[in-house]
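# Analysis of the macromolecular model
The primary structure of each chain is shown beneath.
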Amino acid sequence: MSIRKAPKHMRKPEQLRSHQWYGTDGLRTFSHRARTRQLGYLPEEHLGKPVIAILNTWSDINPCHSHLRERAQAVKRGVWQAGGFPLEFPVSTLSETFQKPTPMLYRNLLAMETEELLRSYPVDGAVLMGGCDKSTPALLMGAATADLPVVFVPAGPMLPGHWRNEVLGSGTDMWKYWDDKRAGLIGDCELSELESGLARSPGHCMTMGTASTLTAAAEALGVTVPGASSIPAVDSGHDRMAAASGLRIVELVWQDLRLSKILTREAYEDAVPTVLALGGSTNAVIHLTAMAGRSGVKLTLDDFDRIARTVPVLANVRPGGRYLMEDFHFAGGLPAFLAQIKDLLHLDRPTVAHATLREQLEGALVHNPDVIRPLDNPLAEEGGVAVLRGNLCPDGAVIKHIAAERHLLKHTGPAVVFDDYRTMQRTINDPGLGITEDTVLVLRGSGPLGGPGMPEYGMLPIPDHLLKKGVRDMVRISDARMSGTSYGACVLHVAPESYVGGPLALVRTGDLITLDVEARALRLEVGDEELERRRALWQAPPPRYGRGYGALYQEQITQADTGCDFRFLAQAGEVPEPYAG
Ligand code: FES
């Protein structure tokens, strides 16, 4: 992990933001100094030094971040060594596994908390610690708006899973073995062993799920030290990366290298081909759109589709490929990966570690060309995500076609419609529904408002009778999201969602639906006149929340194609600095 030598300091202590709290001559400053002594610090330990906030998403309930409390000590070590003053701030944890209905409901809440903490305290720069799915975009969205110097410390993937001499991948193998259990191929004894083998250490999911995709995107954007995103969470290299991040943030503060100078249009234009060439999670489409919006950069679904058609998939990592994140790391990690696609990147833009991305990628080598494939031997010719259009999704939908069975990518079949997830769970195995392998399963009521929070319901289960026949994939359509570790011919993020009257609300069981990925088409084969008649009969559901955060959410949330940010957070406008004197 090379980092360029620090240039001379560009700012003086009096120019630090924290000077307003500590350095001026007034009653409040006297109080701030007294209270810092109350915390046990000598004046010479902090006065005139950059105050570095370490925003830590550690929690007892979040197994993906359970090592971050210890890791924050390494960040502090780096900050002290570089002459800064580290202060750790606990912030909300977004635990993909435990938080219901979905942490996506709370992504914008963590983004708000991040922004307001950085603004309201004497902070000169920040180290953001996270990795479990939504925590990466949430922290970066808030920090982008606060616009201070920032380094992101990814939580790192957990160790590979193991069971009876088989290597297990997060999520991917959970779904697979759960289907085997439903098909009667394994029993309770095997399931119990699998529970112990699937997640063997702290760290986020170790497939190319949403966590690995988003932390890789953060590294591609240039907000981590080089190679940070794939270091296994329990590797001693993770400690060293955390210390290096602490060292680095102090220099960024002296240079006043704010996030707005890193998160440019060019940076986002590089993050998109990165996640597509990784065969990354469909969730990245929503999160990168929202993150870019906070940076004043407009990313559209068409940008993703256009780039996907020109970018091959080079990462041979599950669920689309064979290996896991530890293999990817030892194959060279993201620096080696980016070096493979460097002709697609803006190499002259800065990162937090180097004056240019070109400099950062110098000497990056692939050590295993089966894990990180060369351009002339890709895993797939096109990037992993396709954007669909048609009368069923006027504002778009996405499908991760590399993780679907090929024969389903052009398919017409009759719909079986479920109005909500609970109904689907209760009735999916009902023989009276007449579901065959040609059926198109449709789930509605699962979008940003309907879910609420767009839960990861999009990989609808295959009915038991079809599983027993060996069917492992079907066309499924919803306004939900899908876990990055999932797979199948699942059309996701249908916009506008059914809850607000999108065409998905008008589909009836028996209607024919056509999916044609090559033509990027998703069509409901019902005439316009009939659809208008159904629309006239459609009734909007009542508001879901009468008070609290949910009420704010339902008032402000945008649809999937624009990133599901809150309108009042995404809009342009100034927020004044607090008066600290
Ligand atoms: Fe945290 Fe998968 S559950 S990253």
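Residues numbered from 1 in each chain as written. Predicted model: local features only at pLDDT ≥ 70, side-chain atom pairs only at ≥ 80, totals over all residues. Heavy atoms only, no water.

## Description of the overall build of the chain
Regarding its fold elements, the chain presents 22 helices and 14 strands. The globule rule puts the C-alpha radius of gyration for 581 residues at 25 Å, and the 24 Å found for the chain is close to it. Over its C-alpha atoms, taken along the principal directions, the chain stretches across nearly 75 × 50 × 45 Å. Looking at the chain as a whole, 60% of its 581 residues qualify as buried. Across the chain, the fraction of contacts at a sequence separation of at least 24, relative to all contacts at a separation of at least 6, is 77%. With 60 positive and 68 negative side-chain charges, the chain shows a spacing of 4 Å between the two charge centroids. (Helix = DSSP H or I, 4+ residues; strand = E, 2+ residues; numbered from the N terminus. Rg over C-alpha atoms; globule rule 2.2 N^0.38 Å. Buried < 20%, exposed > 50% of the residue type's maximum accessible area, 1.4 Å probe, protein only. Contact = heavy atoms within 4.5 Å. Lys, Arg positive; Asp, Glu negative; His and termini not counted. Charge placed at Lys NZ, Arg CZ, Asp CG, Glu CD.)

## Description of the pattern of salt bridges
Working definition: two side chains of opposite charge can pair if their charged atoms are close together. Going through the model one piece at a time under the given rule, you end up with 37 salt bridges. Glu88 is paired through a salt bridge with Lys76; the nearest N and O atoms lie 3.0 Å apart. Of this pair, Glu88 sits in strand 2 (residues 85-90) while Lys76 sits in helix 4 (residues 68-81), and the two are twelve residues apart along the sequence. On the accessibility criterion, Glu88 (28% relative accessible area) is partly exposed. With its nearest N and O atoms 3.0 Å apart, the salt bridge here joins Arg533 to Glu530. Of this pair, Arg533 and Glu530 both sit in helix 20 (residues 528-537), three residues apart, which is roughly one turn of the helix. Classification of Arg533 as partly exposed rests on a relative accessible area of 43%. Overall, Glu530 belongs to the partly exposed group, its relative accessible area being 24%. (Salt bridge = Lys/Arg side-chain N within 4 Å of Asp/Glu carboxyl O.)

## Description of the side chain of Asp516
Summarising the element assignment, Asp516 is placed in strand 13 (residues 512-516). There is a polar contact of 3.4 Å between the side chain of Asp516 and the backbone nitrogen of Glu518. A polar contact is formed between the side chain of Asp516 and the backbone nitrogen of Ala519, at a distance of 3.2 Å. If near-sequence neighbours (up to four positions away) are discounted, Asp516 is found in contact with Leu409, Lys410 and Ala521. (Polar contact = N/O pair within 3.5 Å; in protein donor to acceptor, adjacent residues only side chain to side chain.)

## Section: the UniProt feature "domain: Dihydroxy-acid/6-phosphogluconate dehydratase N-terminal" (unreviewed entry) in the chain
The UniProt record marks residues 49-359 with the feature "domain: Dihydroxy-acid/6-phosphogluconate dehydratase N-terminal" (unreviewed entry), using the residue numbering of this structure. In residues 49-359, helix accounts for 47% and strand for 9%; the two terminal C-alpha atoms are 29 Å from one another. (UniProt positions renumbered as here; feature names shortened; annotations may be inferred.)

## Side note on the sheet that holds strand 9 (residues 410-418)
Strand pairing in a sheet is mediated by backbone hydrogen bonds. Such pairs are either parallel or antiparallel. A sheet is described by the order of its strands in space; here eight strands give the open sequence 7-8-12-11-10-9-13-14, paired in mixed fashion. Two strands bound the open sheet, and with one partner strand each, they are strand 7 (386-388) and strand 14 (521-524). Sheet twist, expressed as the mean angle between neighbouring strand axes with direction ignored, is 30°. (Pairing = 2+ DSSP bridges. Axes fitted to C-alpha atoms, helices over the stretch in contact; angles between N-to-C directions.)

## A closer look at the environment of Leu334
Relative to the elements of secondary structure, Leu334 occurs in helix 16 (residues 333-340). Exposure remark for Leu334: the relative accessible area of 1% places this residue in the buried category. For Leu334, the residues in contact, after removing those within four places along its chain, are Ala216, Glu219, Ala220, Ser229, Ser230, Thr274, Leu278 and Phe328.

## A word on the packing of aromatic side chains
Enumeration according to the criterion identifies twelve aromatic pairs in this entry. Ring geometry for Trp163 against Tyr177: centres 5.3 Å apart, planes inclined by 75°, an arrangement best described as edge-to-face. Separated by 14 residues along the polypeptide, Trp163 in strand 5 (residues 161-163) and Tyr177 in helix 7 (residues 172-182) bring together distant segments of the chain. Tyr177 matches Trp163 in its accessibility class, with the two residues each being buried. Each member of the aromatic cluster is reached from another via a ring pair, and the members are Tyr106, Tyr549, Tyr553, Phe566 and Phe568. The aromatic ring of Trp58 is capped on one face by Arg69, whose charged end is 4.0 Å from the ring centroid. Sitting above the plane of the Tyr177 ring, Lys176 keeps its charged end 4.0 Å from the centroid. (Phe/Tyr/Trp six-rings, centres within 6.5 Å; stacked < 30°, edge-to-face > 60°. Lys NZ or Arg CZ within 6 Å of the ring centre and 35° of its normal.)

## Description of the packing of helix 4 against helix 10 (residues 236-255)
Contact geometry for helix 4 and helix 10: axes closest at 7 Å, N-to-C directions at 40°. For the pair helix 4 and helix 10, the crossing hand works out as right-handed. Along its contact with helix 4, which presents Arg71, Ala74, Val75, Arg77, Gly78, Val79 and Gln81, the element helix 10 presents His238, Asp239, Ala242, Ala243, Gly246, Leu247, Ile249 and Val250. When grouped by side-chain class, the residues that make up the contact of helix 4 with helix 10 number eight nonpolar, four polar and three charged. (Left-handed = near helix turned anticlockwise from the far one by under 90°. Nonpolar A, V, L, I, M, F, W, Y, C, P; charged D, E, K, R; others polar.)

## Considerations on the pairing of strand 4 (residues 150-154)
A large share of strand 4 lies buried, amounting to five of its five residues. A two-sided burial pattern is seen for strand 4, the buried positions comprising Val150, Phe152 and Pro154 on one face and Val151 and Val153 on the other. Relative to strand 4, strand 3 (residues 125-130) runs parallel, the two being bridged by five bridges. Bridge pairing in strand 4 places Val127 opposite Val151. You can see the chain leave strand 3, run along helix 6 (residues 135-146) and come back into strand 4, and the turn it takes is right-handed. (Right-handed = clockwise from strand over helix to strand, strands pointing away.)

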